[in-house]
Amino acid sequence: SREYIRLIAGRLRERLTDGLLCRESFSGEEWDKLRMFMENDGGLYDIFAEQHSCRRRQLINISKTAENRNIVIFGYGNLGIFVYAQIKRHGLGRVAAFCDNQREKQGLLFDGIAVLSPEQAAERYCNGCFVVAGGRWSGDMSEQLTALGVPRKQICAYTAGMEMRLFGMSPV
């Protein structure tokens, strides 16, 4: 509804004014969209509808790719955890592992699920569905997986937009 859109636009303006949103946290395209939200909250609805549609397509792609496969989420940060919650919420499959390039995250457990190195994950789950949760680094992360021998057809991406920032989370 328009009232809800105005409420969201107001929250975004507050977060921007309070310094909780900063230019460095956004890609150029995201920053342009945020500015448009501030200037025209009517355009906000259209962008959220577009983002919702994009996320839905991404979840459908994950569901199809993950059919009868273990799921590995590449990226154990806010976005990776958000992706995990979405996969679990929508019943898209079994998340067998997380993987991350940061050594300090490797060996951790989240909800009983291990965080592996990308090399370990590619070896252990070579037939799995790899969901890249890397924000602006998703392309590099996908390339890293293919270099490790994971076929492109087994790699999906989930990108987050403004929905995470509304809750004070950064997708990085």
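Here is what the cut-offs are and how they apply
Residues numbered from 1 in each chain as written. Predicted model: local features only at pLDDT ≥ 70, side-chain atom pairs only at ≥ 80, totals over all residues. Heavy atoms only, no water. Helix = DSSP H or I, 4+ residues; strand = E, 2+ residues; numbered from the N terminus. Buried < 20%, exposed > 50% of the residue type's maximum accessible area, 1.4 Å probe, protein only. Contact = heavy atoms within 4.5 Å. Areas by Shrake-Rupley, 256 points an atom, 1.4 Å probe, with all protein chains shown as cover. Pairing = 2+ DSSP bridges. Axes fitted to C-alpha atoms, helices over the stretch in contact; angles between N-to-C directions. Core = buried A, V, L, I, M, F, W, Y, C linked by side-chain atoms within 4.5 Å.

Draft legend 1. Structural view of the overall build of the protein. Along the backbone of the protein there are seven helices and six strands. Tracing the protein from N to C terminus, the helices and strands come up as α-α-α-β-α-β-β-β-α-β-α-β-α. In the protein, buried positions account for 45% of the 172 residues. When contacts within the protein are restricted to residue pairs at least 6 apart in sequence, long-range pairs at least 24 apart make up 66% of them. Just so you have it, the protein exposes about 9,500 Å², and 49% of that area is on carbon and sulfur atoms.

Draft legend 2. Representation of the sheet that holds strand β2 (residues 95–99) in the model. The six strands are arranged β3-β4-β2-β1-β5-β6 in an open sheet whose pairing can be described as mixed. Both outer strands of the open sheet, β3 (109–110) and β6 (155–157), are each paired with one neighbouring strand and no more. Where β2 and strand β4 (residues 113–116) come together, two bridges link them in parallel fashion. For cysteine 99, the partnering residue across the bridge sits in β4 and is leucine 116. With respect to the sheet, helix α6 (residues 138–147) is in contact with β1 (71–74), β5 (129–132) and β6, its orientation differing from that of β5 by roughly 155°.

Draft legend 3. Representation of the nonpolar core. Judged by nonpolar contacts, the single largest core of 21 residues is most densely connected at Ile62, Ile71, Ile73, Val83, Ile87, Val131 and Tyr158. With five residues, helix α4 (residues 78–90) is the largest single contributor of residues to this core. Membership of the second largest hydrophobic core comes to 15 residues, among which are Phe74, Cys99, Ala122 and Val132.

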